[in-house]
Amino acid sequence: MGVFVPAGLHPPHVERLHLDQMARAGTSLFEIGLAHDDAVLDGPIIQAAYHRALRRENALAHTLRTVEHAAGLRPTVVMTYWEPARRHGPEHLARLFADAGAAGVMVVDLPNHQAERWQAAAKDAGLHAPCLVPRHSTGTDLARLAAGASGWLYAPASTAATGYRGPLDIPALADFTGHLRAASTLPVVSGVGISTPALAARVAPLVDAVVIGTPIVHALVTDPEQAPALTAAFAQALTPNTPTETRA
């Protein structure tokens, strides 16, 4: 199970403690978000978390420190928008994250005309370049996105922005992941709209991994002491026979 954490929500020593606790609570992968002020694919909770992080200090420097610590605990990937990659330079950003220990970087709104450049930059830095494949992708678009990706394909469980808390159309998701598997041998990862442990358990048989985002971010923002227990609840739903540790 993956957990999404926006870098910069708390001072570095507090953030490291939270990562340690969530690793012990059952996290097997960290997805670290680089704060961005126009996170159009995210809902209000993650957008607010990003805005809070941007008020704290240099977002990139903080994210690199977060990635470095997270990567010492569990495999770690970075989630970013294209604008920070463009601003810092794709090749430079890829190298910085690789040096910090990231296994990959996913640019969730990667423009088609920048895809080859980003994929080359990631490859040269030794990073995976996974691709978020929009649910409306079909035919040649889906095949193109799948062919350009490395590491894994990200299949949103919902067509809404992050933070969606309604029901999921499981048959539609199953159909979509089937198309992804027909187009690529890469693992398929899902997130977005997986708001409860019960929903996580329903999505899990369709994919190779599940990433939990907004529920954990909401806990980290409002009551960080609850984040390890919530992480453990999702982990238990996904691996019900595996005990988890939630002590600080």
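To be clear, the structure that these remarks concern was listed above.
Note that the coordinates shown come from a computational prediction; the quantities given were computed from them, not determined experimentally. (Residues numbered from 1 in each chain as written. Predicted model: local features only at pLDDT ≥ 70, side-chain atom pairs only at ≥ 80, totals over all residues. Heavy atoms only, no water.)

Chemist: Lay out the overall build of the protein chain in plain terms, naming residues and giving numbers.
Modeler: Secondary structure summary: the protein chain contains eleven helices and eight strands in total. Relative to the 2.2 N^0.38 estimate, which gives 18 Å for 248 residues, the radius of gyration of the protein chain is 17 Å and therefore close to what a compact globule would have. If one aligns the C-alpha atoms of the protein chain with their principal axes, the spans along those axes are about 50 × 40 × 30 Å. Residues classed as buried in the protein chain amount to 51% of the 248 residues present. (Helix = DSSP H or I, 4+ residues; strand = E, 2+ residues; numbered from the N terminus. Rg over C-alpha atoms; globule rule 2.2 N^0.38 Å. Buried < 20%, exposed > 50% of the residue type's maximum accessible area, 1.4 Å probe, protein only.)

Chemist: Any chance you could break down the pattern of salt bridges for me, citing the residues and the numbers?
Modeler: In this structure the tally under the stated criterion is six salt bridges. Across the pair Asp141 and Arg144 runs a salt bridge whose closest N-O atoms are separated by 3.7 Å. Here Asp141 pairs with Arg144, and both are found in helix 7 (residues 139–148), just three residues apart, close to one helical turn. The partly exposed category is assigned to Asp141, whose relative accessible area is 41%. (Salt bridge = Lys/Arg side-chain N within 4 Å of Asp/Glu carboxyl O.)

Chemist: Tell me about helix 2 (residues 44–56), residues and numbers included.
Modeler: Here helix 2 contains 13 residues, and its C-alpha end-to-end distance of 19 Å stays within 8% of the 18 Å for a straight helix at 1.5 Å per residue. Ile46, Ala49, Tyr50 and Ala53 are the residues of helix 2 that are buried. Along the axis of helix 2, the buried residues cluster in a sector spanning 100 degrees; they form a single face. Opposite the buried face of helix 2, by more than 90 degrees, sit the exposed residues Pro44 and Arg55. Structurally, helix 2 contributes buried residues whose contacts are with strand 1 (2–6), strand 2 (29–33), strand 3 (76–80) and helix 10 (214–222). (Expected span 1.5 Å × (residues − 1). Arc of directions from axis to C-beta. Contact = heavy atoms within 4.5 Å.)

Chemist: Go over unusual backbone geometry with me, naming the residues and quoting the values.
Modeler: Note: most residues except glycine have negative phi, and most peptide bonds are trans. Phi is positive for Val192, close to 75 degrees, though the residue is something other than glycine. Considering the arrangement of structural elements, one finds Val192 in the loop between strand 7 (188–191) and helix 9 (197–203).

Chemist: Any chance you could break down the side chain of His10 for me, citing the residues and the numbers?
Modeler: Mapping His10 onto the fold places it in the loop between strand 1 and helix 1 (12–24). For His10, the side chain forms a polar contact with the side chain of Arg52, separated by 3.4 Å. Discounting chain neighbours no more than four positions away, the residues touching His10 are Glu15, His18, Arg52, Arg56, His62, Leu220 and Pro224. (Polar contact = N/O pair within 3.5 Å; in protein donor to acceptor, adjacent residues only side chain to side chain.)

Chemist: Describe the environment of Ala235, with residues and values.
Modeler: As for its position among the elements, Ala235 is in helix 11 (residues 227–238). Between the C-alpha atoms of Ala235 and Pro11, which are 224 residues apart in sequence, the distance is 26 Å.

Chemist: Would you mind going over the nonpolar core in detail, with residue names and values included?
Modeler: Core analysis: the largest hydrophobic core is formed by 82 residues, its most contacted members being Met22, Phe97, Ile194 and Val203. Ignoring anything within four residues of it in the chain, the contact list for Val203 reads Ala157, Leu168, Ile170, Leu173, Ser190, Ile194 and Val210. (Core = buried A, V, L, I, M, F, W, Y, C linked by side-chain atoms within 4.5 Å.)

Chemist: I'd like to hear about the sheet that holds strand 8 (residues 209–212), residue by residue, with values.
Modeler: Reading across the sheet, the eight strands line up as 4-3-2-1-8-7-6-5 and stay open at both edges, with parallel pairing between neighbours. Single-partner strands in this sheet number two, and they are strand 4 (104–107) and strand 5 (131–132). (Pairing = 2+ DSSP bridges.)

Chemist: Provide a residue-level description of the pairing of strand 8, including the pertinent values.
Modeler: For strand 1 and strand 8, the ladder comprises two bridges, and the chain directions are parallel. Across the sheet, residue Val3 finds its bridge partner in strand 8, namely Ile212.

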